[in-house]
Amino acid sequence: MRILVLIHEYPPVGGGGGRVAQDLCRGLAARGHEIRLLTAHLKGLPARENTDGFEVIRLRSGRRLPYKAGLAAMAGYVLSAAWAGWGLARAWRPDVIHVHFAVPAGPAALFISRVTGIPYVLTAHLGDVPGGTPEKTGRWFRWIYPFTPPVWKSAARVAAVSEFTRELAARSYPVEIQVIPNGVDLAALAPGPLGAGSPPLLVFAGRFVPQKNPLQVVRTLAELRDLPWRCVMLGDGPLRAAVEEEIDRLDLRSRFVLPGWVEPQAVIDWFKKADILFMPSLSEGLPVVGVQALAMGLAIVAGRVGGFVDLVEQGGNGWLFDPADPRQAGEPLRRLLSDPRLLQAQREASRRIAGRFDLRRIVDEYDRILSDAAQRGRSI
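Residues numbered from 1 in each chain as written. Predicted model: local features only at pLDDT ≥ 70, side-chain atom pairs only at ≥ 80, totals over all residues. Heavy atoms only, no water.

### Considerations on the overall build of the protein
Phase 1 of the analysis: Within the protein one finds 14 helices and 14 strands.
Phase 2 of the analysis: Against the 2.2 N^0.38 benchmark of 21 Å for 380 residues, the protein shows a C-alpha radius of gyration of 21 Å, consistent with a compact globule.
Phase 3 of the analysis: Counting only C-alpha atoms and orienting by the principal axes, one finds that the protein spans roughly 65 × 40 × 35 Å.
Phase 4 of the analysis: Looking at the protein as a whole, 59% of its 380 residues are labelled buried. (Helix = DSSP H or I, 4+ residues; strand = E, 2+ residues; numbered from the N terminus. Rg over C-alpha atoms; globule rule 2.2 N^0.38 Å. Buried < 20%, exposed > 50% of the residue type's maximum accessible area, 1.4 Å probe, protein only.)

What follows is the structure, given as structure tokens:
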């Protein structure tokens, strides 16, 4: 089966959605499928490369930063992907298109499908759903929403990365949506013996944007300065300067490490050293870093939002708290940092729960729905 993949950001550009696409393409290519992926170009990256058994084609879209795609860059990607995808569809004749994010890549898939007859499968990641990340996309959906229903209705199949994402999408788009969570390679991420570090290391991984709430990491840990801990905050974004100012204001510079925007393997390397994933997010789909943290055997303390509800068993492998009341995060962290045996038990529980997100099962599911869509497309 020939699969054309559309996604506006792909490693080392962007966040978790790109890593999901990367893992799926690797898994599908390993099964013998031919894959070509169209994504946005960023200065310093090759325009074309063959990696892990499939081809990545990077298109000029006006994107300038790895951690942020503005409205103009997204529009640029839609135009570039529609044009390049149309040409590729005529020359290469893929059997099916797999599009990640209804916005911005969805309209490109819709155009290619209508002019070629090739069906597409849509995966929604939350940020492309009205109300999913209102602080980031609320203004956009006020005027682009009227144009998005055809993207959903015309898809041969629609998947969402979490039950929360599915329920939210169903409020705006009356189509059948199935949940296929993000997966993780459990063998590749085997953590080895699980214990408590001395001192324990907490990790935050994500864009420094209001949605991820990075300032709360600093403020909560400041209340726990009487306990031994270190914290690494992986990522970059518009709130980076404010985070550093808050660290200095609270005299915590010796406790924090801020490496900036790092590539996916560097995230895993930090997870190998860490004990706790601390994510006070205000909204999430099914965060890739959360699934990776499970596989690496980290206890998780996170906002009770989106896909984190699927990852954390309260008191089992971590705790969820109301991000609207940030004081709730301090108590579970204090318990974990004060009790090495509890921390070890929760780390071991995370590793057990990770089995639900085995990447092989996820690739199986996408293999089935892509094949089904391709078969239905041939029968029309």
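What follows continues from the structure just given.
### Digging into the sheet that holds strand E1 (residues 2-6)
Phase 1 of the analysis: Pairing is mixed across the open sheet formed by eight strands, whose spatial order is E3-E4-E2-E1-E5-E6-E7-E8. Edge positions in the sheet fall to strand E3 (48-51) and strand E8 (178-179), since each of these pairs with one other strand and no more.
Phase 2 of the analysis: Where E3 and strand E4 (residues 54-59) come together, four bridges link them in antiparallel fashion. Counterpart to Asn 50 in the pairing with E4 is Glu 55.
Phase 3 of the analysis: Across the sheet, helix H3 (residues 105-116) is in contact with E1, strand E5 (96-100) and strand E6 (120-124); its angle to E5 comes to roughly 165 degrees. (Pairing = 2+ DSSP bridges. Contact = heavy atoms within 4.5 Å. Axes fitted to C-alpha atoms, helices over the stretch in contact; angles between N-to-C directions.)

### So, the side chain of Thr 116
Phase 1 of the analysis: Note on placement: Thr 116 falls in helix H3.
Phase 2 of the analysis: Within the structure, Thr 116 has its side chain in polar contact with the backbone oxygen of Ile 112 (distance 2.6 Å).
Phase 3 of the analysis: Among the polar contacts listed, one links the side chain of Thr 116 to the backbone nitrogen of Ile 118, at a separation of 3.3 Å. (Polar contact = N/O pair within 3.5 Å; in protein donor to acceptor, adjacent residues only side chain to side chain.)

### Quick look at the pattern of salt bridges
Side-chain pairs of opposite charge can arise where the charged atoms are in close proximity.
Phase 1 of the analysis: Evaluated as defined, the whole model comprises 26 salt bridges.
Phase 2 of the analysis: The salt bridge involving Glu 55 is made with Arg 36; its shortest N-O contact spans 3.6 Å. Of this pair, Glu 55 sits in strand E4 while Arg 36 sits in strand E2 (residues 34-40); the two residues are 19 residues apart in sequence, bridging distant segments of the chain.
Phase 3 of the analysis: Residue classification places Glu 55 among the buried positions, given a relative accessible area of 12%.
Phase 4 of the analysis: Note on Arg 36: relative accessible area 25%, which makes it partly exposed. (Salt bridge = Lys/Arg side-chain N within 4 Å of Asp/Glu carboxyl O.)

### A word on the pairing of strand E11 (residues 256-260)
Looking down a regular strand, the side chains alternate between one sheet face and the other.
Phase 1 of the analysis: Only one face of E11 is covered, namely the one carrying Phe 256, Leu 258 and Gly 260; the face carrying Val 257 and Pro 259 has none of its residues buried.
Phase 2 of the analysis: As defined by bridge partners, strand E10 (residues 230-234) adjoins E11 across three bridges and the pair is classed as parallel. Following the sheet pairing, Leu 234 is matched in E11 by Gly 260.
Phase 3 of the analysis: As a crossover connection, the stretch from E10 through helix H8 (residues 240-249) into E11 is right-handed. (Right-handed = clockwise from strand over helix to strand, strands pointing away.)

### Some details on empty space enclosed by the protein
Phase 1 of the analysis: Applying the stated criterion across every chain, the model contains two cavities of 30 Å³ or more.
Phase 2 of the analysis: In this structure, the largest cavity spans a volume of roughly 40 Å³.
Phase 3 of the analysis: Residue contributions to the lining of the largest cavity peak at three residues, all from helix H1 (residues 16-30).
Phase 4 of the analysis: Taken together, the residues of the lining of the largest cavity sort by class into four nonpolar, two polar and one charged. (1 Å grid on protein atoms, 1.4 Å probe; cavity = no way out; pocket = protein on both sides within 12 Å on 5 of 7 lines; lining within 4 Å. Points joined across faces, edges and corners; volume = space filled by probe spheres on them. Nonpolar A, V, L, I, M, F, W, Y, C, P; charged D, E, K, R; others polar.)

### Quick notes on the environment of Pro 199
Phase 1 of the analysis: Looking at the element boundaries, Pro 199 is found in the loop between E8 and strand E9 (201-205).
Phase 2 of the analysis: C-alpha separation for the pair Pro 199 and Leu 227, spaced 28 residues apart in sequence, amounts to 9.0 Å.
Phase 3 of the analysis: Setting aside residues no more than four positions away along its own chain, Pro 199 makes contact with Pro 228, Trp 229 and Arg 230.

### Side note on the packing of helix H12 (residues 330-338) against helix H13 (residues 340-353)
Phase 1 of the analysis: Here H12 crosses H13 at 105 degrees, and the two axes come no closer than 5 Å. The angle between H12 and H13 falls in the class roughly perpendicular. Between H12, through Arg 335, Leu 336 and Ser 338, and H13, the contact on the second element is made entirely by Pro 340, Leu 342, Leu 343 and Gln 346.
Phase 2 of the analysis: Here the contact of H12 with H13 is composed, by residue class, of four nonpolar, two polar and one charged. (Parallel < 35°, antiparallel > 145°, perpendicular 65-115°, else oblique.)

### A few points about the layout of surface pockets
Phase 1 of the analysis: Empty space within the second largest pocket amounts to approximately 560 Å³.
Phase 2 of the analysis: Together, 24 residues line the second largest pocket, and Gln 22, Asp 23, Arg 26, Pro 264 and Gln 265 are the ones closest to its centre.
Phase 3 of the analysis: If you list the elements that add at least two residues to the lining of the second largest pocket, you get H1, E3, helix H9 (264-273) and helix H10 (288-295).
Phase 4 of the analysis: Its residues assigned to classes, the lining of the second largest pocket comprises 11 nonpolar, four polar and nine charged.

### With respect to the environment of Leu 88
Phase 1 of the analysis: Position of Leu 88 relative to the elements: it lies in helix H2 (residues 71-92).
Phase 2 of the analysis: Separated by 183 residues in sequence, Leu 88 and Phe 271 place their C-alpha atoms 39 Å apart.
Phase 3 of the analysis: With sequence-adjacent residues up to four places away left out, Leu 88 is seen in contact with Leu 4, Arg 36, Leu 38, Ile 57, Arg 93 and Pro 94.

### Structural notes on the sheet that holds strand E13 (residues 299-303)
Backbone-to-backbone hydrogen bonds pair the strands of a sheet. The strands run either parallel or antiparallel.
Phase 1 of the analysis: Read across the open sheet, the six strands follow the order E11-E10-E9-E12-E13-E14; overall the sheet is parallel. The sheet is open, and its two borders are formed by E11 and strand E14 (318-321), each paired with just one other strand. For this sheet the average axis-to-axis angle between neighbouring strands, irrespective of direction, equals 15 degrees.
Phase 2 of the analysis: With four bridges joining them, strand E12 (residues 276-279) and E13 adopt parallel strand pairing. Note on E13: the bridge partner recorded for Leu 277 is Ile 300.
Phase 3 of the analysis: Against the sheet, H13 touches E12, E13 and E14, its axis set at about 85 degrees to E13.

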